[in-house]
2 protein chains.
Amino acid sequence: MNKGKPLNIGLAGFGVVGSGLCQLLAENADIIEKRAGRKIIVRTILVRDAQKKREVALPAGTRLTTDSAELVNDADIDAVVELMGGIDAASALIVAALEHGKHVVTANKALLASEGPKLFRLAAEKDRILRYEASVAGAIPIVAALKESLTGNRVRSLVGILNGTSNYILSEMSTNGLDFKQALRQAQELGFAEADPSLDIDGHDAAHKLIVLIRLAFGLDYPLDKLAVTGIRNLSAMDIALAREFGYRIKLIGQVTALKNGENNGIILAAGVFPALVHQNLLLAKVGGAYNALRVSANASGPLFFHGRGAGSLPTAGAVLADLIAVARGEQPNNTGFAADFPKATILPADDWRSCYYVRVMVEDTPGVLRDISGCMAAENISVAQMIQKGEMAASGVPLVFMTHETSQKAMLNALERASRAGLLREAPVYFRIMERDQVN
Amino acid sequence: MNKGKPLNIGLAGFGVVGSGLCQLLAENADIIEKRAGRKIIVRTILVRDAQKKREVALPAGTRLTTDSAELVNDADIDAVVELMGGIDAASALIVAALEHGKHVVTANKALLASEGPKLFRLAAEKDRILRYEASVAGAIPIVAALKESLTGNRVRSLVGILNGTSNYILSEMSTNGLDFKQALRQAQELGFAEADPSLDIDGHDAAHKLIVLIRLAFGLDYPLDKLAVTGIRNLSAMDIALAREFGYRIKLIGQVTALKNGENNGIILAAGVFPALVHQNLLLAKVGGAYNALRVSANASGPLFFHGRGAGSLPTAGAVLADLIAVARGEQPNNTGFAADFPKATILPADDWRSCYYVRVMVEDTPGVLRDISGCMAAENISVAQMIQKGEMAASGVPLVFMTHETSQKAMLNALERASRAGLLREAPVYFRIMERDQVN
């Protein structure tokens, strides 16, 4: 650490978060210098087009470049901040920066999900800091909580609302009765969703974040391509309304639970991203609009709940800045909370995952249908906790909703297969996991 | 840092938290060693009575002592964990430990509130770690959040439910209709309240925590004896029921808000501990039982909300353990997030604090009373947002409740003084601040 000497950074990307970071470095300069013990100065910004007109003023003395070599080869740059997104160019930049002895701060969850282990190994070899608080849940300091605060705990489970765009859409559908397309269009108009929203609404963004969180919570590598991911694109207003009748909200959930008796560290991980029913009394059900939230349960701490802005210029830039101040303070690298080598996680097959389920089928409104469908459930040993049948006739039949007691996904799918083979279903069945009170407090 | 060599600790106090720490060190030993890079071993435990029978087994190789010199003079002890409580002996122990070059971890909020600045100065002189995550809000990592994660932010306000005992009592009064004495007795029977509950129910414990939080959030010293503190001892079931009619819960709140135009860092602090009305839709109103919660608002992050166990053996011991693992890892001292010298805070006099208020007066049920009381409000320029008058006659009159728009405490007290002088009040008036949506999200 060089007390008094400024920390010079090279910033890659001058979009929403990059310009927010420059704004904060100016607005909060006194606080930052007081806490970091030195100034933080943006020396060079890597952009795609240096001629583009920008709404945000360039910090005094900062120059733009389109050549990433000007960041990594500049001996006066102490740390590189990667906010360009994408995989290949970002990965190349981070690797080059670490190899040139620079510390790195990134918000790139997609990159960390796919190449995290490689990058952490390189950072460890080079004894450099690789920080990424902004990569998950925006302003919520969940990376620090898992890496620094829950270190003496065995984490049992982690449940999160990790994608603000999806949560905004679901909140609008639930509260204002919009259908999915209307809610998506509104989110796009308000800037909460991209023109191509698939990364958010199909669950991939939440999946990237969940992979990063699993590594922090358990020190295990859960390959992204092994994660079961279901988004909200096909969610119907009918299920949101029916779930409300039972006292539930539907949320896009990222979840990991540690089960006992696995091989690595004695645990098996059950993980996935999926829409699920959350009881309205639980804190997680109260998470509205574009907010994010996480619930972590651990053996000493018990349940912890975090709530805050999951995206946006300043909330995300504030998280980047916390990492930069740690670099400026000369903290030793502690990039993952574990050693740099991650054993592969032992993974519970989705079929074996046990949960309570909400199951909706569309059936013909004739005598015996309820008996027949119930029979399919009973044949798979599924015990039904609650049921409603709606009388309104539609072309596709009437909806019949079962809330089951805990069962395996396999049994539930088998029961639906039985019903389908028996010709009882007028359209494809719909099912969601139900988040239990002890999972979400 | 001595990689591989165990971190030897001297533990002062073998009560609820101390024995929880020993339990965790055993149960989570593999995780701890993996994360700390070395074992953590309890070498010596300082107790009052070495002969006392204990339910918790002593760790193998650990010895008991009644002489604090055996902790501070033992060259093989790297860190002292102070969990004995109280002020004088704890202070002497911490000072001696720091002077002997040992790192210190403590959960002692009362000591930190009164002698924090002195202890932080000494730790800085000796270049030692003085950590205290467990001193505020149990398992919630709020010390780390303020010290490490919100470092690039200007904190605007902090609102917390910081005392689990009081929150338990208020929850029982609100949910199960108990009066204060019944709820207190129940809390005592369940072990949530001490035989002498005054530290908790009179707001002092929350006040100690708030002083620690103010230092972390603003880098300013707010003297404990300047903090306005009101507890819940005189809270009536009537006000809890009336508040519910307006859609509010009554919570014991610790709050600090930074107003502009002060002298130190340009801010004036408005701070206090008091029962307040919190709208039922806000997350803070959902905090039930012995849980703690905090809401921090900062200029980059926006509002962050944290919720978790505020006390108890393992939740508190887990926080102590996080600090110990940081010591074991050889982190550099960063005890306050600021320099070791705290400027005195500029304090807003309580009279000038602006808020919406709930005001209940007991009046005679005669024509003109409402007009006369309303006149007292109007004479102080207080605008009334809502009002209810209950018809039920009692010896002490009928209750009349006003919910005011924002006004100063001085104006509100002046209005009540006018009413009193006019002979309108049958007993002493009751008033509470109302937490606004933008204060508590």
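The preceding data block contains the structure.
Along each chain, residues carry numbers from 1 onward, in the same order as the chain's sequence is written. For naming, the first written chain is A and the first written ligand is 1, with later ones following in the order written. Thresholds applied to this predicted model are a pLDDT of at least 70 for local features of residues and 80 or more for the giving and counting of side-chain atom pairs; totals over whole chains, interfaces and linings are not thresholded and use all residues. Note: side-chain values were computed over all heavy atoms of the structure, leaving out hydrogens and water.

**Student:** Can you walk me through the overall build of chain A in this structure?
**Tutor:** Starting at the N terminus, helices and strands are each numbered in turn, a helix being any DSSP run of H or I of at least four residues and a strand any DSSP run of E of at least two. Counting secondary structure elements, chain A contains 15 helices and 17 strands. Radius of gyration: over C-alpha atoms. The globule rule applied is 2.2 Å multiplied by the number of residues raised to the 0.38 power. Computed over its C-alpha atoms, the radius of gyration of chain A comes to 24 Å, within 12% of the 22 Å expected for a compact globule of 441 residues. Along the longest, intermediate and shortest principal axes, the C-alpha atoms of chain A span 80 × 50 × 35 Å. Relative accessibility decides the category of a residue: with a 1.4 Å probe and only protein chains considered, values under 20% of the type maximum give buried, values over 50% give exposed, and everything between is partly exposed. The proportion of buried residues among the 441 residues of chain A is 60%. Pairs at least 24 apart in sequence give 73% of the contacts found in chain A among residues at least 6 apart. The method behind every accessible area is Shrake-Rupley, applied with a 1.4 Å probe, and residues are considered shielded solely by the protein chains displayed. Put simply, chain A shows about 17000 Å² of open surface, and 48% of that area lies on carbon and sulfur atoms. As used throughout, the charge tally considers Lys and Arg to be positive and Asp and Glu to be negative, leaving His and the chain termini uncounted. By convention, charge coordinates are those of NZ in Lys, CZ in Arg, CG in Asp, or CD in Glu. If the 47 positive side-chain charges of chain A are averaged to one point and the 46 negative ones to another, these points end up 4 Å apart. Should any heavy atoms of two residues lie within 4.5 Å, those residues are counted as being in contact.

**Student:** Mind showing me how you'd approach the sheet that holds strand 6 (residues 130-131) of chain A here?
**Tutor:** Sheet strands associate in pairs through backbone hydrogen bonding, adopting either a parallel or an antiparallel arrangement. Residues and elements named next belong to chain A. Only strands joined by at least two bridges in the DSSP assignment are considered to pair. Across the sheet, which stays open at both edges, the six strands sit in the order 3-2-1-4-5-6 with parallel pairing between neighbours. The open sheet has two edge strands with one neighbour each: strand 3 (63-65) and strand 6. Note: strand 4 (residues 79-82) against strand 5 (residues 103-106), four bridges, orientation parallel. Following the sheet pairing, valine 80 is matched in strand 5 by valine 104.

**Student:** Even after reading the chapter, I still don't get helix 13 (residues 369-379) of chain A, so can you show me in this structure?
**Tutor:** One turn of the α-helix equals 3.6 residues, which is why residues spaced by three or four share an orientation. Residue and element names in this part refer to chain A. Among the residues of helix 13, Val369, Ile373, Cys376 and Met377 are the ones counted as buried. Within helix 13, the buried residues cover an arc of 100° as seen down the axis, which keeps them to one side. Across helix 13 from its buried face, at more than 90 degrees, point the exposed residues Arg371 and Ala378. Structurally, helix 13 contributes buried residues whose contacts are with strand 13 (354-363), strand 14 (384-389), strand 15 (398-404) and helix 14 (409-421). Following helix 13 by one or two positions, asparagine 381 adopts a phi angle in the positive range, close to 65°. Directions drawn from the helix axis to the C-beta atoms are what define this arc.

**Student:** I would appreciate a short explanation of the sheet that holds strand 6 (residues 130-131) of chain B in the present structure.
**Tutor:** Residues and elements named next belong to chain B. Taken in spatial order, the six strands of this open sheet run 3-2-1-4-5-6, and their pairing is parallel. The sheet is open, and its two edges are formed by strand 3 (63-65) and strand 6, each paired on a single side. Here six bridges tie strand 1 (residues 7-12) to strand 2 (residues 40-46), and the two strands are oriented parallel to one another. Bridged to isoleucine 9 within strand 2 is valine 42. Helix axes use the C-alpha atoms of the stretch in contact, all axes being lines fitted to C-alpha atoms, and the angles between their N-to-C directions lie in the range 0 to 180 degrees. Together, strand 1, strand 2 and strand 4 (79-82) form the strand contacts of helix 1 (residues 16-27), whose direction differs from that of strand 1 by roughly 155°.

**Student:** How should I be thinking about the environment of Val398(A) in this particular structure?
**Tutor:** Within the fold, Val398(A) resides in strand 15. Distance from Val398(A) to Thr366(A), taken between C-alpha atoms, is 9.8 Å for residues 32 residues apart in sequence.

**Student:** Looking at this structure, how should I read the interface of chain B and chain A?
**Tutor:** Where interface size is quoted, it is often the accessible area lost as the parts come together. Contacts between the two partners involve 52 residues from chain B, matched on the other side by 52 residues from chain A. Across the interface of chain B and chain A, roughly 4500 Å² is buried in total on both sides, 47% from carbon and sulfur atoms. Throughout, buried area stands for the accessible area (probe radius 1.4 Å) lost by two parts on being put together, summed over both. The largest share of the area that chain B buries against chain A comes from Arg35(B), Thr151(B) and Arg154(B), three residues that together contribute 15% of it. The working definition used for a salt bridge is a side-chain nitrogen of Lys or Arg within 4 Å of a carboxyl oxygen of Asp or Glu. Where chain B packs against chain A, one counts four salt bridges. With a shortest N-O distance of 2.8 Å, Arg154(B) and Asp30(A) are connected by a salt bridge. Here a polar contact means two N or O atoms within 3.5 Å. Within protein one must be a hydrogen donor candidate and the other an acceptor candidate, and residues neighboring in sequence count only if both atoms are side-chain atoms. Linking chain B with chain A are 22 residue pairs in polar contact (both at pLDDT 80 or more), by the criterion used here. Of all the elements, strand 12 (residues 302-309) of chain B adds the most residues to the side of chain B that touches chain A, at eight residues. When grouped by side-chain class, the residues that make up the side of chain B that touches chain A number 24 nonpolar, 17 polar and 11 charged. Charged means Asp, Glu, Lys or Arg here, nonpolar means Ala, Val, Leu, Ile, Met, Phe, Trp, Tyr, Cys or Pro, and polar covers whatever is left, Gly included.

**Student:** I would appreciate a short explanation of the pairing of strand 17 (residues 430-435) of chain A in the present structure.
**Tutor:** Residues and elements named next belong to chain A. Across the six residues of strand 17, five count as buried, placing the element largely inside the fold. In terms of strand pairing, strand 10 (residues 267-279) meets strand 17 through three bridges, oriented parallel. Within the sheet, the bridge partner assigned to valine 278 lies in strand 17 and is methionine 435. As judged from the five bridges shared by strand 13 and strand 17, these two strands associate in the antiparallel manner. Its bridge partner being in strand 17, cysteine 356 is matched across the sheet by isoleucine 434.

**Student:** What am I meant to see in the nonpolar core here?
**Tutor:** Soluble, globular proteins show a tendency: their nonpolar side chains are buried together. We define the nonpolar core as a collection of buried residues of types Ala, Val, Leu, Ile, Met, Phe, Trp, Tyr and Cys that are connected through side-chain atoms lying within 4.5 Å of one another. Residues Ile142(A), Leu146(A), Ile142(B), Leu146(B), Phe218(B) and Leu269(B) are the most contacted members of the largest nonpolar core, which totals 175 residues. With residues near it in sequence (within four places) discarded, Ile142(B) still touches Glu133(B), Val136(B), Ala137(B), Leu213(B), Leu294(B), Val296(B) and Phe306(B). Judged by nonpolar contacts, the second largest core, of 38 residues, contains Phe305(A), Ala270(B), Leu283(B) and Leu284(B).

**Student:** Just checking my understanding: could you explain the relation of the copies chain B and chain A for this structure?
**Tutor:** Relating the two copies of this chain is a rotation about some axis coupled with a shift parallel to it. Mapping chain B onto chain A is achieved by rotating through 180° and translating by 0.0 Å along the same axis, at an RMSD of 0.0 Å. Taken together, the rotation and translation describe the operation of a two-fold axis. Using C-alpha coordinates, one finds that chain B approaches the rotation axis most closely at Phe306(B), a distance of 2.4 Å. When you check the interface residues of chain B against chain A, 100% turn up at the interface there too, and the contact is symmetric in its surfaces. The copies were overlaid with a least-squares fit restricted to C-alpha atoms from residues scoring a pLDDT of at least 70 in each copy.

**Student:** Would you explain the pattern of salt bridges in this entry?
**Tutor:** Any two side chains of opposite charge can pair, so long as their charged atoms come close to each other. Under the definition given, this model contains 49 salt bridges over all chains. Across the pair Lys410(A) and Asp351(A) runs a salt bridge, and its minimum N-O distance is 4.0 Å. Within this pair, whereas Lys410(A) is found in helix 14, its partner Asp351(A) is found in the loop between helix 12 (313-329) and strand 13, the two being separated by 59 residues in sequence. A residue is classified by how much of its surface remains accessible, and Asp351(A), at 29% relative accessible area, is partly exposed. Ionic pairing is found between Lys344(B) and Asp221(B), a salt bridge with its closest N-O pair at 3.0 Å. Taken together, the positions of Lys344(B) in the loop between helix 12 (313-329) and strand 13 (354-363) and Asp221(B) in the loop between helix 10 (204-218) and strand 8 (228-229) put the pair 123 residues apart, joining distant regions of the chain. A single salt-bridge network, built from bridges that share partners, covers Arg131(A), Lys147(A), Glu148(A), Asp323(A), Arg329(A), Glu331(A), Arg131(B), Lys147(B), Glu148(B), Asp323(B), Arg329(B) and Glu331(B).

**Student:** Got a minute to help me understand the packing of helix 1 of chain B against helix 2 (residues 29-36) of chain B in this structure?
**Tutor:** The packing of two helices is summarised by the inter-axis angle and the distance between the axes. Residues and elements named next belong to chain B. Taken N-terminus to C-terminus, the directions of helix 1 and helix 2 make an angle of 80°; their axes are 5 Å apart at the nearest point. With respect to helix 2, the axis of helix 1 lies roughly perpendicular. The segment helix 1 lies against helix 2, with Leu24, Leu25, Ala26 and Glu27 engaging Ala29, Asp30 and Ile32. Convention used here: angles under 35 degrees read as roughly parallel, angles over 145 as roughly antiparallel, angles from 65 to 115 as roughly perpendicular, and any remaining angle as oblique.

**Student:** What's the story with the side chain of Thr65(B) in this structure? I'm lost.
**Tutor:** Residue and element names in this part refer to chain B. Relative to the helices and strands, threonine 65 is located in strand 3. Take threonine 65: its relative accessible area is 5%, and that puts it in the buried class. Beyond its immediate sequence surroundings of up to four residues, threonine 65 is in contact with Thr44, Ile45, Leu46, Val47, Glu70 and Leu71.

**Student:** How do you make sense of the packing of helix 7 (residues 164-176) of chain A against helix 11 (residues 237-245) of chain A when you look at a structure like this?
**Tutor:** All names here are of chain A. The geometry of helix 7 relative to helix 11 is characterised by a closest axis approach of 9 Å and an angle of 65° between their N-to-C directions. One way to sum up the angle between helix 7 and helix 11 is to call them roughly perpendicular. In this structure, the crossing between helix 7 and helix 11 has a hand that is right-handed. Contact residues: Leu170, Met173, Ser174 and Thr175 in helix 7; Ala237, Ile240 and Arg244 in helix 11. Class assignment of the residues belonging to the contact of helix 7 with helix 11 gives a composition of four nonpolar, two polar and one charged. Left-handed is the label given to a crossing in which the near helix is rotated counterclockwise from the far helix by less than a right angle, and right-handed is the label when the rotation is clockwise.

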